[in-house]
Amino acid sequence: MLTQEESGQEQGGEAERGETDEGSSKDDDSTSGYESPEDPHPCEPRRKPTTDELDKDFDPNEEVPPKPSKRPPTRFAGHDGARERRAEATDTETTIVASALQPEGTTSASTTKLKRKGGVRKPNHYPNAKMIYVIDEVGEEGQILKPKEFQSKFCNAIGALVRDKLNPSIRNWHDYPEDIKDDLWKNHLLINFNFRIPAEKQPLVRRRAMKMMGESFRRWRNELNTEYIKKGLTPYHKYGHITPAIWALLVAEKTAPESLALSEKNSLQAKKNIHHPRLGPGGYEGKEEMFRKMEEEAVVAGNIKVMKLKPRTKRWVFARNLEESGSSLKFAKPETEEAVSRIMKYSEDIEKGSFTPSREKDELSLGLGNPEHIGRVRGLGKHKTWKEGFREDVEMYKKHGRNREESLATLVKTLVAKEL
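An account of the accompanying structure is given in this report. All of these numbers come straight from a predicted model, not from anything done at the bench. For every chain, the first residue of its written sequence is number 1, and the numbers climb from 1 along that sequence. Note on the predicted model: pLDDT of at least 70 is required for a residue's local features to be given, and 80 or more for side-chain atom pairs to be given and counted; whole-chain, interface and lining totals, by contrast, use all residues. By convention in this description, side-chain values take in all heavy atoms of the structure and omit both hydrogens and water.

Time to look at the overall build of the chain. Put simply, DSSP H or I for four residues or longer makes a helix, DSSP E for two residues or longer makes a strand, and each gets a number counted from the N terminus. For the chain, the helix and strand inventory stands at 15 helices and four strands. When contacts within the chain are restricted to residue pairs at least 6 apart in sequence, long-range pairs at least 24 apart make up 59% of them. Of the accessible surface of the chain, which amounts to about 30000 Å², a share of 54% is contributed by carbon and sulfur atoms. In what follows, residue pairs with any heavy atoms lying within 4.5 Å of each other are defined as contacts. For the area figures, the Shrake-Rupley method with a 1.4 Å probe applies, and any residue is considered shielded solely by the protein chains shown.

The salt bridge definition used is simple: a Lys or Arg side-chain nitrogen within 4 Å of an Asp or Glu carboxyl oxygen. Per the counting criterion, the structure on display carries 17 salt bridges. For Arg312, the salt bridge identified is with Asp362, shortest N-O distance 2.9 Å. Of the two residues, Arg312 sits in helix α11 (residues 311–319) while Asp362 sits in the loop between α12 (334–352) and α13 (363–368), which places them 50 residues apart along the sequence. Measuring nitrogen to oxygen at the nearest pair gives 3.4 Å for the salt bridge that ties Glu323 to Lys330. Through salt bridges that share partners, Glu178, Lys181, Asp182 and Arg206 make up one connected network.

Turning next to the packing of aromatic side chains. Two aromatic rings, drawn from Phe, Tyr or Trp (for Trp, its six-membered ring), form a pair once their centres lie within 6.5 Å of each other, and the interplanar angle then sorts them: stacked below 30 degrees, edge-to-face above 60, tilted otherwise. Following the criterion strictly, the structure yields eight aromatic pairs and no others. When the centroid spacing of 5.2 Å and the interplanar angle of 90 degrees are considered together, the rings of Tyr133 and Phe150 count as edge-to-face. Pair noted here: Tyr133 is in strand β1 (residues 133–134) and Phe150 is in helix α4 (residues 150–165), with a separation of 17 residues, a long-range link. You'll find Tyr133 and Phe150 in the same group, each marked buried. Ring geometry for Tyr176 versus Phe217: centroids 5.8 Å apart, planes at 90 degrees, classification edge-to-face. With Tyr176 in the loop between α4 and α5 (178–192) and Phe217 in helix α6 (residues 202–229), the pair connects residues that are 41 residues apart, well separated along the chain. Classification of residues uses two cut-offs on accessible area relative to the type maximum, computed with a 1.4 Å probe and protein chains only: under 20% is buried, over 50% is exposed, and between them is partly exposed. Look at Tyr176 and you get buried, because its relative accessible area is 6%. Relative accessible area serves as the criterion here: at 1%, Phe217 is assigned to the buried category.

Next comes the structure, spelled out in structure tokens:
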């Protein structure tokens, strides 16, 4: 039997053996850990190059291009960066396509942007709803003057509204209810499209917008008749709001005998207009800056005959000139050149005193050989009335008295001729 001392010694020995075993196990764990293998192809240590190793002709400004400047913010309508980038991309693609189509061994200007066929217009599009179009200046007739680039956006918005919101089976724009017209003006042009117009000018702009909508509505109905009804097609794929019932009403109207007779009459009347202007969708108002430059060039070139013309006659001639220059006049048709020669002759007669113009019976009307159209003024635009276009003859606005005076003068001349 073990005594207490012997048993204590035996326990102490076991504790020492336990500590020894733990230490040996720790040593085994440390010696058996993972070691990464050596790299068979080690990289050379980095070092600073010496003076002989440096390239003395190296210019970092030539090798590294400068950083592009930041684009201006596109919050305002005057700086539509995204639209400009899309336009640049389109121009680049057009240039690449034109270059690819160029035959071998030829050198021409095919790398420039391909032009759209004359007389063919792009469809109207809504303006960017995220932009705010602040109108700074409005003319006396309600036309947008400044910023000038907003004129086309306003016209495009009106054309797109007419084609998306109106019913083409209604014959006349004046037959549309006023609440629909107010909705197009307030909820779409002013609110949805963010046109900010001064409050005191809004009645003028609204009146002009209603006229433009009426003209666009009439053109759209004619387009549907020409492009779809006469060809036996339907416009459902392009104008989703036109239902079969609406289309049936429009087809019945346009194919009626009286409508066909009126269409034939209008076609014959349109063919009489052989002096086509070169204005674009902006009309005479959109070419104001060009007319001003042409007048300055005419003065420098000493083209006295052109400078002596009345303003509306001068603009009519400039609008048909092939070159955007007032120093020389060239026209597309010999008939136009002959008409301009007659206009110049009547202008010289006015200066000599052998001819006295009377409001719309001036050198332009007599040179063209047809009377002035009621409701518009040639050389000034279709939105100008006679009262606005002939301000110098405002006292003759009521033509009844003038007709009596002319009849009396003719009677006097007839009596004098008989007496002689």
